[in-house]
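Chains, contacts and geometry: an overview
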Amino acid sequence: MKAFITGLAAAAALTLAAAAPTAAQQAAGRIIVVSHGQANDPFWSVVKNGVSAAGADMKVQVDYRAPETFDMVAMSQLIDAAVNQKPAGIIVSIPDSSALSAPIKKAVAAGIPVISMNSGSDVSKNLGALLHVGQDELDAGKAAGAKLKEMGGKVGLCVNHEVGNVSLDLRCKGFTEGFGGKVTVLPVSNDPAEIRSKVKAALAADGAIDTVMALGASLAGEPAVAAVKEAGKAGVRIASFDLSANFLKSVAAGEAAFAIDQQQYLQGYLPVVFLANYAKYGLIPGGNVPSGPNLITKEKAAQVVDLSSKGIR
């Protein structure tokens, strides 16, 4: 009887051991996301929602990490820390390749699969990443500029809330090329109140401005709509990259021209799915996956508002 009980105890211990993976096993099944955008940012909260949903769907542990502010030194350190944990894969945004190339190459050299998302499509492959999920920011800017030119725009203002972020700089550059008219870049912080004030001041200083291109819907698009209203410039066309429920309502109401949807939910979701399948089966898409751009005009805006308010679009 004693031997039987001892055998049961041993079997139970084996069962518990199997149910409780070691730290090494946990690391092997973990995917770490390091982005330059904080999860409390309206745009990046949607990315994180995609990351979390994919982790649940693929039954893998996913950690989302970001510096407290747009800080490439801090982001570089976060990537280094992720590499030291030897995860099953790392997902990174690359807003500044010169600052982040060393830690990303370190990850690749350590045999950790890397996928880039959101920013860095032009450098991702050279740094050793398997692929990139996102939109080409220069081409998206060109498409937006061409559309606003078609709508009659001649003098534009590009509101850049993160000068030095290569992706945002490319948006303004593409907009300028596609627009074809005079474009002034307005550097601002990511404070909506400051953006509102500076856009209003720019409109007062140059009465010829007939087009405002914002690079983020909630941070800059919504304040730009408010600034145009306060300035009494009803004829000024406003467009924005990315989505927010309130900006989409402005598009639906005819107060803004359109929003550019890069489907950032997919930028968080798809890399996790790809890395999970790569770890299990060695499967990976053969090239970059474009998540956008899609122009959300008045006809489409009302349909997207609900999903935007739910943190999916």
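The model shown is predicted, which means the values in this text are computed figures rather than measured ones.

All right, on to the overall build of the protein then. Scanning the protein from N- to C-terminus turns up twelve helices and twelve strands. Overall size of the protein, expressed as C-alpha extent along the three principal axes, is 95 × 40 × 35 Å. Counting across all 313 residues of the protein, residues that qualify as buried make up 50%. Taking all contacts inside the protein whose residues are at least 6 apart in sequence as the whole, residues at least 24 apart take part in 74%. Within the structure as shown, the protein displays about 13700 Å² of accessible surface, and the carbon and sulfur contribution to it stands at 57%.

Going through the model one piece at a time under the given rule, you end up with three aromatic pairs. Between F43 and W44, the aromatic rings sit 5.3 Å apart at their centres with planes inclined by 75 degrees, giving edge-to-face as the arrangement. Of the two residues examined, F43 and W44, each falls in the buried class.

Further remarks concern the layout of surface pockets. Volume-wise, the largest pocket comes out at about 430 Å³. Forming the boundary of the largest pocket are 28 residues, of which D41, W44, H161, E162 and L219 lie nearest the centre. Looking at the lining of the largest pocket, the elements with two or more residues in it are α3 (42-58), α7 (166-179) and α9 (217-231). Here the lining of the largest pocket is built from residues that sort into nine nonpolar, 13 polar and six charged.

So, on to the sheet that holds strand β4 (residues 114-117). Within a sheet, each strand pairs with its neighbour through backbone hydrogen bonds, oriented either parallel or antiparallel. Reading across from one edge, β2-β1-β3-β4-β5-β11 is the order of the six strands in this open sheet, with parallel pairing throughout. Pairing within the sheet leaves two strands with one partner each, and these edge strands are β2 (61-65) and β11 (289-290). Where strand β5 (residues 132-134) lies against β11, two bridges are found, and the strand directions are parallel. Paired with V133 across the two strands is V289, which belongs to β11. Contacting β1 (30-34), β2, β3 (89-92), β4, β5 and β11, helix α11 (residues 264-281) crosses the sheet at an angle of about 155 degrees to β5.

Reading guide: rules and limits
Residues numbered from 1 in each chain as written. Predicted model: local features only at pLDDT ≥ 70, side-chain atom pairs only at ≥ 80, totals over all residues. Heavy atoms only, no water. Helix = DSSP H or I, 4+ residues; strand = E, 2+ residues; numbered from the N terminus. Buried < 20%, exposed > 50% of the residue type's maximum accessible area, 1.4 Å probe, protein only. Contact = heavy atoms within 4.5 Å. Areas by Shrake-Rupley, 256 points an atom, 1.4 Å probe, with all protein chains shown as cover. Phe/Tyr/Trp six-rings, centres within 6.5 Å; stacked < 30°, edge-to-face > 60°. 1 Å grid on protein atoms, 1.4 Å probe; cavity = no way out; pocket = protein on both sides within 12 Å on 5 of 7 lines; lining within 4 Å. Points joined across faces, edges and corners; volume = space filled by probe spheres on them. Nonpolar A, V, L, I, M, F, W, Y, C, P; charged D, E, K, R; others polar. Pairing = 2+ DSSP bridges. Axes fitted to C-alpha atoms, helices over the stretch in contact; angles between N-to-C directions.

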